[in-house]
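Coordinates in review
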Amino acid sequence: MFPSCSFSSYQGAISMADSSGTTVFDNLPEWLVVDEILVRLPPKDILRCRAVRKSWLSGTSTNTFILDHHRRQPSLPIIKHHKGICRLTGASNERKIRPVLQYARHFSSNNVTLHAACDGFLIMSQQRSDFRICNPATRKCASLPHPPSRPGSRFVDVVGFYQHTTSGEHRVLWVSVPIPVIRAIRATGPQGADMAIELPDYFVLTVGSDQPRCIQWPTISKQEFPDIRSSRNPPVHHRGSLHWEMGINITVFDTIAETFRRMSCPARLENTHMWSPDSLSDMGGALALCRSAPDCLTFDIWVLQDYDAETWGFQYQINLLAMEVSPPIDLGIMLIPMTTLINEHELLIQQCPSRLLHCEIDGVSLRDVESGEHEYHLLPLTTHRLQESMISLPLFEAQEEDAVNKEAPFVIVL
């Protein structure tokens, strides 16, 4: 087997020709170079390799290669800050923050929003009015059609972004949030007036299409209708459904049947320190829930052991005080920590806006995540993830000429 490495590792082999001008790659079958070597390179390096040989260009441009390459890429957390978006990189013992997008001049996190990520694509917007979809690895970007605002609607926002299993289409679940209005006011004794308000509308829209389908929410109670906007609460795509943690319940959207339902959280977490935000993640193919204790120093991780029976099992407890880190954790800072799983062995913990900790779940290692030459004032950690890909969309080619003359609120620097 060939190890995963960068273009520079193979660049020497390409340039090391013998007296006849033959390189080591000339002695290897073409399929072996493409399917076993190039497929292991990062997207940026594959794009460089395409300029070396025509056979490499054609071999790395097939759908089979692009999908196989995407499956081999790690899915790592996205880190947001006031000037742009970063991603986590590096091996488990040397995690670092590296930039993906930088906001253009006069833009910041106050007016540019990351809404969703899927298959290497990011959905961004400028003040929820100019939605764009981009692939940082290929530096492609296009305007994203969205459902029109209805009369009385306050704004349209992204709820989820996913690839439809049956059709292979990339689809976006949108919500149209109305301006609260009083439908009826009736006397209810000492409790005062009972106000009923308009419920949001949900829509599914295939990327590139302008024909949204309305999705019916199965309840009529405002109290049962959650705020599941993806920018603040990204869903976990698991077993063909999107999952949002919502306090004592998990809201589930079946992407095939296009229906909503509820799942239970661990019973022991009901009505316990509900002020602490939970972090829902995919942990080695199973749903996992991480919650911090009121002391802001202890974290419990639960794993959904039986999806159909909704049976949760306690997996780990992490105590930051029992782990050494330099500089030591400031016990005077009692902010609610934000967490997200990197994988089944690693966890990111944001104790304060200026400090991001990397923790091994077995409780052995705790260290700061390096930011290189950059100093970031981090925004609250979310569960957005980036898994790089060279996947394209018809939307990119259709808008390529128009996009040249339309300034984006961000610059791709991946």
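Report on the accompanying structure. (Residues numbered from 1 in each chain as written. Predicted model: local features only at pLDDT ≥ 70, side-chain atom pairs only at ≥ 80, totals over all residues. Heavy atoms only, no water.)

1. A short note on the pattern of salt bridges
Side-chain pairs of opposite charge can arise whenever the charged atoms involved come near each other. Per the stated rule, a full pass over the model turns up twelve salt bridges. Taken together, the salt bridges that share partners define one network made up of Glu169, Arg171, Arg213 and Glu258. (Salt bridge = Lys/Arg side-chain N within 4 Å of Asp/Glu carboxyl O.)

2. What about the layout of surface pockets?
Sizing a probe to match a water molecule and rolling it over the atoms shows the empty space that remains. Roughly 810 Å³ of volume is contained in the largest pocket. Considering the residues around the largest pocket, the lining is formed by 32 residues, among which Ser75, Ala117, His237, Arg385 and Gln387 are closest to the centre. Mapped by element, the contributors of at least two residues to the lining of the largest pocket are strand 4 (112-118), strand 8 (153-163), strand 12 (236-238), strand 16 (279-283) and strand 24 (385-386). For the lining of the largest pocket, the class distribution of residues is eleven nonpolar, 16 polar and five charged. (1 Å grid on protein atoms, 1.4 Å probe; cavity = no way out; pocket = protein on both sides within 12 Å on 5 of 7 lines; lining within 4 Å. Points joined across faces, edges and corners; volume = space filled by probe spheres on them. Helix = DSSP H or I, 4+ residues; strand = E, 2+ residues; numbered from the N terminus. Nonpolar A, V, L, I, M, F, W, Y, C, P; charged D, E, K, R; others polar.)

3. Here we look at empty space enclosed by the protein
Within the structure shown, the criterion is met by one cavity of 30 Å³ or more. Empty space within the largest cavity amounts to approximately 40 Å³. Ranked by residues supplied to the lining of the largest cavity, first place goes to strand 1 (residues 76-81) with three residues. When its residues are assigned to classes, the lining of the largest cavity shows six nonpolar, two polar and one charged.

4. A look at the sheet that holds strand 1
With respect to topology, five strands assemble into an open sheet ordered 24-1-2-3-25, the strand pairing being antiparallel. Looking at the sheet topology across the chains shown, the edges are occupied by strand 24 and strand 25 (410-412). Bridge analysis of strand 1 against strand 24 gives two bridges, and the strand direction is antiparallel. Along strand 24, the bridge assignment pairs Leu76 with Leu386. (Pairing = 2+ DSSP bridges.)

5. Here's the deal with the environment of Pro147
You can see Pro147 is positioned in the loop between strand 7 (140-143) and strand 8. Contacts of Pro147, omitting those with residues within four sequence positions, involve Val156, Trp174, Phe203, Leu205 and Pro212. (Contact = heavy atoms within 4.5 Å.)

6. Some words on the nonpolar core
Ranked by size, the top nonpolar core spans 31 residues in total, and within it Ile133, Leu144, Phe161 and Trp174 carry the most contacts. Considering every element that reaches this core, the biggest residue donor is strand 8, with three residues. Among all residues touching Ile133, those that are not within four sequence positions of it are Phe121, Leu122, Ile123, Lys140, Cys141, Ala142, Leu144, Phe161, Val207, Leu393, Leu395 and Phe396. With 20 residues, the next largest nonpolar core counts Ala288, Met323, Val325 and Ile329 among its residues. (Core = buried A, V, L, I, M, F, W, Y, C linked by side-chain atoms within 4.5 Å. Buried < 20%, exposed > 50% of the residue type's maximum accessible area, 1.4 Å probe, protein only.)

7. Describing the sheet that holds strand 10 (residues 201-206)
The strands that make up a sheet are held in pairs by hydrogen bonds between backbone atoms, and each pair lies either parallel or antiparallel. Strand order in this open sheet of four strands is 8-9-10-11, and the pairing throughout is antiparallel. In this open sheet, the two edge strands, each paired with only one partner strand, are strand 8 and strand 11 (213-215). Between one strand axis and the next, the sheet turns through 30° on average, direction left out of account. In this structure, strand 9 (residues 170-178) lies alongside strand 10, joined through six bridges in antiparallel fashion. When the sheet's bridge partners are listed, Val172 is paired in strand 10 with Leu205. (Axes fitted to C-alpha atoms, helices over the stretch in contact; angles between N-to-C directions.)

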